[in-house]
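Observations on the three-dimensional arrangement
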Amino acid sequence: MLHDPDLASTPLSADAAARYRRHARDWLASHLPTHMRADSLDYRSPTLEESREWEAAMHQAGLAGMTWPTVYGGHGLGLREHLAVNQEVGALLMPDSVSSIGKELAGPIIMGVGTEAQKQSFLPNILAMREFWCQGFSEPDAGSDLARLRTKAVREGEQWRINGQKIWTSGAAKAHYCLLLARTGTVADRHRGLLMFAVPMDTPGIRVVPIKSIDNKDSFAEVFFDDVVVPDSARLGAPDEGWAAALKVLTIERATNRMYRPWRFESEMGFLVRALRSDPLLSRQLEDAGVQRQLGDVLGEIDAHKGLVHRSVDQIMAGESVGARGSLTKLFWSECHQAFAGFALSQVSQIGPQSSPLAQRARKFFTQAYLFSRAETIYAGTSEVQLDLIAQRILQLPREH
Ligand SMILES: Cc1cc2nc3c(=O)[nH]c(=O)nc-3n(C[C@H](O)[C@H](O)[C@H](O)COP(=O)(O)OP(=O)(O)OC[C@H]3O[C@@H](n4cnc5c(N)ncnc54)[C@H](O)[C@@H]3O)c2cc1C
């Protein structure tokens with residue numbers, strides 16, 4: 001959806017855009033089940049099927065695939081409408097998409113480099129939540145430096161034989177397809193000779209081994225490819241286009257994926273304050289000048305983060321590439337949100353069985369948020385890597401020798 005300025009160039013008039021935002025707000029307010037709101041006392045973690053149904057309903061209501069062409073199941077709107085919906089989504093503490101890799105990474109790549117047949121076969125199924133995707137980039141020896149990846153794809157006539165191993169593959173256990181980055185040449189070729197594939201996860205020779213994360217979820221996995229044979233029609237783009245396509249994925253991941261983040265961050269901060277206020281003992285923490293200063297700092301960070309999102313949208317709308325500035329956005333949101341999660345956890349650590357029910361809910365929420373936030377400065381490129389990119393590509397500083 002965000003891969004191509006052309007897709008962001010059919011904005012509605014200001015009036016129609018405002019009506020669209022109201023529609024998003026009203027629809028979400030009247031349809032989001034209370035048990036899916038993390039700040040509700042009725043909250044329970046939705047099952048995969050509940051999330052699937054919810055996101056399919058959002059798509060039907062015009063709240064997913066906003067910028068995708070209608071011929072592929074999208075709504076043919078502009079990036080501003082996409083942003084407006086994201087702002088409304090972020091205003092409610094609803095679950096993250098269970099198909100963000102399909103909707104925000106695989107979909108844009110397929111639109112960018114896929115054949116017409118691939119677009120028609122994959123894109124509508126992603127939006128209708130019939131098919132989930134995972135992203136098979138990282139390997140045990142190739143994470144920050146993806147150019148070291150070893151998973152090998154060898155052409156055999158009209159098919160490809162794939163051997164290798166991926167790791168940290170989010171959502172692999174539920175995925176129908178893997179957006180796989182593989183090597184057609186030797187490791188010495190580095191960025192050349194990389195190729196992207198859409199590999200069906202039920203192909204013989206694929207083995208998924210779940211990895212438990214710190215928050216006790218099986219959200220990612222190791223994926224082994226042993227003599228996996230796919231037809232040439234599984235190839236996404238030309239043999240040497242793999243690296244350029246991978247960079248597009250990484251730019252989306254860093255700059256524009258989950259655009260609702262700062263608005264959700266604001267909702268989390270609002271929840272923390274409401275939860276502390278709901279309890280006479282805990283509300284005293286809010287009188288502390290140090291706590292007030294920290295909350296004020298967080299508010300400033302949220303505003304700055306909103307500014308970075310708006311700037312990315314403006315750049316894409318103007319036909320410019322976000323490029324290395326995506327690293328600035330990624331670094332900023334992950335570091336600020338991780339620090340906030342630590343602060344929030346310290347505020348809810350006094351909450352016990354005698355505290356108000358909302359405070360107890362907040363304790364569970366912020367404990368999970370804190371644990372997951374440890375990963376935020378790692379996935380989509382670590383903070384150190386973003387700092388390197390900012391130094392070299394934005395500030396044009398010399399590389400360290
Ligand atoms: C929750 C989560 C979900 C993920 N989901 C996926 C997924 O779906 N698909 C996928 O392909 N990958 C996924 N990843 C993997 C993620 O992209 C990698 O973990 C990340 O790119 C870092 O690679 P690495 O783990 O190999 O660490 P390494 O690259 O080995 O880095 C180790 C340490 O060295 C530092 N370092 C490395 N290079 C440099 C450098 N040049 N300069 C300074 N410091 C450096 C790093 O910052 C880090 O601190 C996920 C990771 C997490 C945590």
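Residues numbered from 1 in each chain as written. Predicted model: local features only at pLDDT ≥ 70, side-chain atom pairs only at ≥ 80, totals over all residues. Heavy atoms only, no water.

One can describe the packing of helix H4 (residues 100-113) onto helix H5 (residues 116-127) by two numbers: an axis separation of 10 Å at closest approach and a directional angle of 165°. What the angle tells us is that H4 and H5 run roughly antiparallel. Every pair of crossing elements has a handedness; the one defined by H4 and H5 is left-handed. Contact residues: Gly102, Lys103, Gly107, Ile110 and Met111 in H4; Gln118, Lys119, Phe122, Leu123, Ile126 and Leu127 in H5. In terms of residue class, the contact of H4 with H5 is built from six nonpolar, three polar and two charged. (Axes fitted to C-alpha atoms, helices over the stretch in contact; angles between N-to-C directions. Helix = DSSP H or I, 4+ residues; strand = E, 2+ residues; numbered from the N terminus. Parallel < 35°, antiparallel > 145°, perpendicular 65-115°, else oblique. Left-handed = near helix turned anticlockwise from the far one by under 90°. Contact = heavy atoms within 4.5 Å. Nonpolar A, V, L, I, M, F, W, Y, C, P; charged D, E, K, R; others polar.)

To continue, consider the UniProt feature "domain: Acyl-CoA oxidase/dehydrogenase middle" (unreviewed entry) in the chain. In the numbering adopted here, UniProt assigns the feature "domain: Acyl-CoA oxidase/dehydrogenase middle" (unreviewed entry) to residues 134-228. In the segment residues 134-228, helix accounts for 0% and strand for 47%; the C-alpha atoms at its two ends are 17 Å apart. (UniProt positions renumbered as here; feature names shortened; annotations may be inferred.)

What follows covers the pairing of strand S7 (residues 220-231). Pairing of strand S3 (residues 159-166) with S7, which is carried by seven bridges, proceeds in the antiparallel orientation. Looking across to S7, one finds that lysine 166 is bridged to valine 223. Pairing geometry for strand S6 (residues 206-211) and S7, over six bridges, is antiparallel. Among the inter-strand pairings, valine 209 is bridged to a residue of S7, identified as glutamate 222. (Pairing = 2+ DSSP bridges.)

The subject of this paragraph is the packing of aromatic side chains. In total, this model carries 13 aromatic pairs according to the counting rule given. Centroid distance phenylalanine 122 to tyrosine 177: 4.9 Å. Interplanar angle 70°. Geometry classified as edge-to-face. Taken as a pair, phenylalanine 122 in helix H5 and tyrosine 177 in strand S4 (residues 177-183) lie far apart in primary sequence, 55 residues in all. We classify phenylalanine 122 as buried; its relative accessible area is 8%. Ring geometry for tryptophan 160 and phenylalanine 197: centres 5.5 Å apart, planes at 70°, overall edge-to-face. One end of the pair, tryptophan 160, is in strand S3; the other, phenylalanine 197, is in strand S5 (residues 194-200), with 37 residues separating them in the sequence. Taking the relative accessible area as the measure of exposure, tryptophan 160 reaches 4% and is therefore buried. Look at phenylalanine 197 and you get buried, because its relative accessible area is 0%. The ring of phenylalanine 224 has arginine 207 lying over it, and the distance from NZ or CZ to the ring centre is 4.5 Å. For lysine 330, the ring lying beneath its charged end belongs to tyrosine 379, and the centroid distance is 5.6 Å. (Phe/Tyr/Trp six-rings, centres within 6.5 Å; stacked < 30°, edge-to-face > 60°. Buried < 20%, exposed > 50% of the residue type's maximum accessible area, 1.4 Å probe, protein only. Lys NZ or Arg CZ within 6 Å of the ring centre and 35° of its normal.)

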